[in-house]
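Listed here are the chains, written in short residue letters.
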Amino acid sequence: MGLKDRISTALRAVREYPVLLAEFGVAEYEQKQLKWALEQKTQECEHLQGMTEAVGHRLRFAECRASALSEALQEFAPKLSTAEEMKRFYKVISPSLDAGGYTLHRMSEKISETTAFGTEEQLYRAILERMGFGGLLAPEHKIQQEQEVSTQWTMEMHA
């Protein structure tokens, strides 16, 4: 390689330097942006992982509750219409939902102390509704209607 070739290469390098420098600056800028985006995505992944763990905990709790409900539903008819059925239902679900037996007990004490109930059936109805089992109870108005019809029929028979 002669002097002429070296000079030619040097001139080409000097001419291309601004273009190459600009391309290098663009590449550095893109690298910084990609690095920032990577950090953002990493933080987002960490946040989502925390949320996933929380959802997993809630899911495990819901599975335990569903299992307890399933056991209770296998034991009882779909509608709880008497105080005795409500007591049996309460006894079946309390070990599964409250292994220590204190939370449900305290809840029932709190309900019975702070609310005046006319009958034992109303007490158990209130406890089961607060525990989230209101959908399994026979509608109160239906029970009242049945009692009214029975009373009316009895009065008509004796009249």
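What counts and what doesn't
Residues numbered from 1 in each chain as written. Predicted model: local features only at pLDDT ≥ 70, side-chain atom pairs only at ≥ 80, totals over all residues. Heavy atoms only, no water. Helix = DSSP H or I, 4+ residues; strand = E, 2+ residues; numbered from the N terminus. Buried < 20%, exposed > 50% of the residue type's maximum accessible area, 1.4 Å probe, protein only. Contact = heavy atoms within 4.5 Å. Areas by Shrake-Rupley, 256 points an atom, 1.4 Å probe, with all protein chains shown as cover. Salt bridge = Lys/Arg side-chain N within 4 Å of Asp/Glu carboxyl O. Patch = residues over 30% accessible without salt bridge, like charges linked within 9 Å, V, L, I, M, F, W, Y side chains within 5 Å. Core = buried A, V, L, I, M, F, W, Y, C linked by side-chain atoms within 4.5 Å. pLDDT = per-residue confidence, 0-100. Polar contact = N/O pair within 3.5 Å; in protein donor to acceptor, adjacent residues only side chain to side chain.

## Digging into the overall build of the chain
Link 1 in the chain: Scanning the chain from terminus to terminus reveals five helices and zero strands.
Link 2 in the chain: Reading the helices (α) and strands (β) of the chain from amino to carboxyl end gives α-α-α-α-α.
Link 3 in the chain: In the chain, which comprises 159 residues, the share counted as buried stands at 16%.
Link 4 in the chain: Put simply, of all contacts in the chain between residues at least 6 apart along the chain, 52% involve residues at least 24 apart.
Link 5 in the chain: For the chain, the exposed area adds up to about 12500 Å²; of that, 58% sits on carbon and sulfur atoms.

## Notes on the pattern of salt bridges
Link 1 in the chain: Enumeration over the complete set of coordinates arrives at one salt bridge.
Link 2 in the chain: Where Lys 41 meets Glu 44, a salt bridge forms, and the shortest distance between an N and an O atom there is 3.7 Å. Of the two residues, Lys 41 and Glu 44 are both situated in helix α1 (residues 3-75); the distance of three residues between them amounts to about one turn of the helix.
Link 3 in the chain: Glu 44 sits in the partly exposed class, given a relative accessible area of 40%.

## Looking at a nonpolar patch on the surface
Link 1 in the chain: A contiguous nonpolar surface patch, about 310 Å² in accessible area, is contributed by Leu 3, Ile 7 and Leu 11.
Link 2 in the chain: Inspection of the secondary structure assignment puts Ile 7 in helix α1.

## Re the nonpolar core
Link 1 in the chain: Among the nonpolar cores identified, the biggest contains 12 residues, and these are Ala 72, Met 86, Phe 89, Tyr 90, Ile 93, Tyr 124, Ile 127, Leu 128, Met 131, Phe 133, Leu 136 and Leu 137.
Link 2 in the chain: Looking at this core, the elements with two or more residues in it are α2 (83-97) and α4 (120-130).
Link 3 in the chain: Considering every element that reaches this core, the biggest residue donor is α2, with four residues.

## Points about the confidence of the model for the chain
Link 1 in the chain: Summing up the model confidence of the chain, the mean pLDDT is 76 and the portion of residues at 70 or higher is 67%.
Link 2 in the chain: The least confident element of the chain, judged by mean pLDDT, is helix α5 (residues 140-158) at 55; the most confident is α1 at 89.

## Focus: the environment of Gln 33
Link 1 in the chain: Looking at where Gln 33 falls in the secondary structure, it is placed in helix α1.
Link 2 in the chain: A distance of 2.8 Å separates the side chain of Gln 33 from the side chain of Tyr 29, its partner in a polar contact.

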